[in-house]
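A closer look at the structure
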Amino acid sequence: MSTDLVRVRTGVYHDSVSLMRVSQAVTGLPGVEVAVVAMATELNRGIAAELGFDLPEAGPADLLIAIRSGDPAALEAAAAELDRLLAGLAGRTGGGTAAEHPPRTVRTAARGRAATLALVSVPGEHAFAEAMDAIEAGLSVMIFSDNVPVEQEVLLKRRAAERGVLVMGPDCGTAVIAGAGLGFANVLRPGPVGLVAASGTGAQQVSCLLDLAGVGVGHVLGMGGRDLSEEVGGLSTLRALEALDADPATELIVLISKPPAPEVARTVREAVAKLETPVVTALLGPGQDDLTAAAENALRALGVAVPTWRSWPAPAPPPPDDRPQAAGRDTEGADVGRTGTGTEGAGGSGGGTRAGTLRGVYSGGTLCAEARLIAGTGEFTDFGDDAYTRGRAHPMIDPTLRLEALAEVPPGDVVLLDVVLGHGADPDPSARLAPGIAAAVARGVPVVVALIGSEGDPQGLNAQAEAVRAAGAAVFTSNAQAARHAAGLLASAR
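Residues numbered from 1 in each chain as written. Predicted model: local features only at pLDDT ≥ 70, side-chain atom pairs only at ≥ 80, totals over all residues. Heavy atoms only, no water.

This brings us to the sheet that holds strand 13 (residues 311-312). Neighbouring strands of a sheet are bound in pairs by backbone hydrogen bonds; such pairs are parallel or else antiparallel. In space, the six strands of this open sheet follow the order 13-18-17-16-14-15, with mixed pairing throughout. Edge positions in the open sheet fall to strand 13 and strand 15 (379-382), since each of these has one partner strand only. In this structure, strand 16 (residues 414-420) lies alongside strand 17 (residues 447-452), joined through six bridges in parallel fashion. Residue pairing across strands places Val-415 opposite Val-447, the latter belonging to strand 17. Each of strand 16 and strand 17 touches helix 14 (residues 429-442); the most contacted strand, strand 17, lies at about 160 degrees to it. (Pairing = 2+ DSSP bridges. Helix = DSSP H or I, 4+ residues; strand = E, 2+ residues; numbered from the N terminus. Contact = heavy atoms within 4.5 Å. Axes fitted to C-alpha atoms, helices over the stretch in contact; angles between N-to-C directions.)

Right under this line is the structure:
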């Protein structure tokens, strides 16, 4: 019989990403069935109630703790480990004494300090007030929060333009300011390239490819995925381009976006034509360069040779006597070349007895959009979309929904998924993904992985690649090449 431990701690606040990591860590402890550690918002209370916890009265400023275990000793150990984890969070967020009266608003926090940027990471319904407070304090602001209404985004960006500051976001997942990473940030060598991106994982793909080619990045200015939509009109993108054009250390600008609104794309291209700094564009859409091509164009503009992008071929499947193979399938390939090499290269994984569907199981929205455009077929899901992240961790932190989707793919289909490394992401994504990949391959589902990361990322690019490859996947550092390869596997089985 299971036992629940439910506590409410008043006057304790931690950001949602930190608490989701704590919940994940406690849930993974021996004997723990489920754990919810979150601010007691209406949404989080609803999640805990759906899990069957009997909840006391609590408000959004209170910390809710709910743990379930069938072993009293395990429950006690989990509570002790939770206390240790929360103490660590308190230490990182400033262990000042109550007498110091920490600031209660962004504006008062900035007063008397040489601050130029605020990072807002609160539930989406509260982000507007905090971001506007930062703008009125004369700060540029990165809004990590998602689920912010587009009308509020427009108001923030218009006011920022009036105040002469920049709004990055909402739903700005990554940024690098003068070499300092914010949000989901890869470890990049410093250099002369500046990125302006209405895209998070798109910026990570291009910056990581540049890093793998030996070219450094000085700034990554994320605009949020809606900035080049018709509603927002590129308000932050235009300002960011001007800022990098005025930066003497930026020798080349790379402009990246999910498929933009056509009229906004025209406006942005007209603005680009007036800049003194050279600009390479990757505005995804039919007939446009993909992200890998944009990185290669940037290298050529800098006079740097384009390398062969790294890939790891899938291990050979068992002999045909042990498992049915699709006719004509080449299961052992060599490393692939540059964009445009089609489906040659890293080899397939698994086998199949029917021609199925290409299934994109993505954590990154821009990577998902790029793969869909390149493959031209299949069913693609961006699990990082707002619809999937409300009340739960981003899939770059928690792969649960993607693993559930992977487990439901039938034999003969092909799976294409991304694994994104860097600070803020899962510290060891292959540890949880590899068993799901191996199970899929074992039932005849080829798996192709786009591994987005740099050599300096804390997870270890090579270690992660080898781990998912050992599970049976073909691995590419180029999402475009991964998409072409996955589509080729499907075509070869037909």
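That covers the picture; the talk isn't over yet.
In contact at an axis separation of 11 Å, helix 8 (residues 235-245) and helix 9 (residues 262-273) are set at 10 degrees when each is read in the N-to-C sense. Between helix 8 and helix 9, the angle falls in the class roughly parallel. Of the residues in helix 9, those touching helix 8 at Thr-237, Leu-238 and Leu-241 are Thr-267, Val-268, Ala-271 and Val-272. Residues that form the contact of helix 8 with helix 9 fall into these classes: five nonpolar, two polar and no charged. (Parallel < 35°, antiparallel > 145°, perpendicular 65-115°, else oblique. Nonpolar A, V, L, I, M, F, W, Y, C, P; charged D, E, K, R; others polar.)

So, on to unusual backbone geometry. Of the consecutive residues Gly-169 and Pro-170, the connecting peptide bond is found in the cis state with omega at 5 degrees. Mapping Pro-170 onto the fold places it in the loop between strand 6 (167-168) and strand 7 (174-177).

On to the sheet that holds strand 1 (residues 3-9), then. Taken in spatial order, the three strands of this open sheet run 1-3-2, and their pairing is antiparallel. Of all the strands in the sheet, just strand 1 and strand 2 (32-39) have a single pairing partner and so form its edges. Between one strand and the next, the sheet's axes are offset by a mean angle of 5 degrees, whatever the strand orientation. Pairing analysis gives seven bridges linking strand 2 to strand 3 (residues 63-69), with the strands arranged antiparallel. Paired with Ala-35 across the two strands is Ile-67, which belongs to strand 3. Running over the sheet, helix 1 (residues 16-27) touches strand 2 and strand 3 and is turned about 165 degrees from strand 2.

Moving on, we get to helix 7 (residues 201-212). Taking 1.5 Å as the rise per residue, helix 7 with twelve residues should run 16 Å; its terminal C-alpha atoms sit 16 Å apart, in good agreement. Most of helix 7 is tucked away, with eleven of its twelve residues classed as buried. Among the residues trailing helix 7, Gly-214 stands out with phi positive, at a value near 90 degrees. (Expected span 1.5 Å × (residues − 1). Buried < 20%, exposed > 50% of the residue type's maximum accessible area, 1.4 Å probe, protein only.)

At a minimum axis distance of 9 Å, the contact between helix 11 (residues 365-375) and helix 16 (residues 479-492) shows a crossing angle of 45 degrees. As judged from the angle between their axes, helix 11 and helix 16 are oblique. Where helix 11 crosses over helix 16, the two elements pack in a sense that is right-handed. For the pair helix 11 and helix 16, contact is made by Leu-367, Glu-370, Ala-371, Ile-374 and Ala-375 and by Asn-479, Ala-480, Ala-483, Arg-484 and Ala-487, respectively. Of the residues contributing to the contact of helix 11 with helix 16, the split by class is seven nonpolar, one polar and two charged. (Left-handed = near helix turned anticlockwise from the far one by under 90°.)

Time to look at the nonpolar core. Among the nonpolar cores identified, the biggest contains 78 residues, and Leu-195, Leu-210, Leu-358 and Leu-416 are the most heavily contacted of them. The dominant element in this core, judged by the number of residues it contributes, is helix 16, at six residues. Beyond its immediate stretch of four places on either side in the chain, Leu-358 contacts Ala-375, Thr-377, Gly-378, Glu-379, Phe-380, Val-414, Leu-416, Ala-486, Ala-487 and Leu-490. One finds Val-361, Leu-433, Ala-434 and Leu-461 within the second-largest nonpolar core, a separate group that totals 25 residues. (Core = buried A, V, L, I, M, F, W, Y, C linked by side-chain atoms within 4.5 Å.)

Chain-level pLDDT for the protein is 88 on average; 89% of the residues reach the 70-or-more range. With pLDDT under 50 throughout, residues 94-99 is counted as low confidence; its partners more than four residues away or in other chains account for one contact. Low pLDDT, under 50, characterises residues 323-354; the stretch is placed with 105 contacts to residues that sit more than four places away or in other chains. (pLDDT = per-residue confidence, 0-100.)

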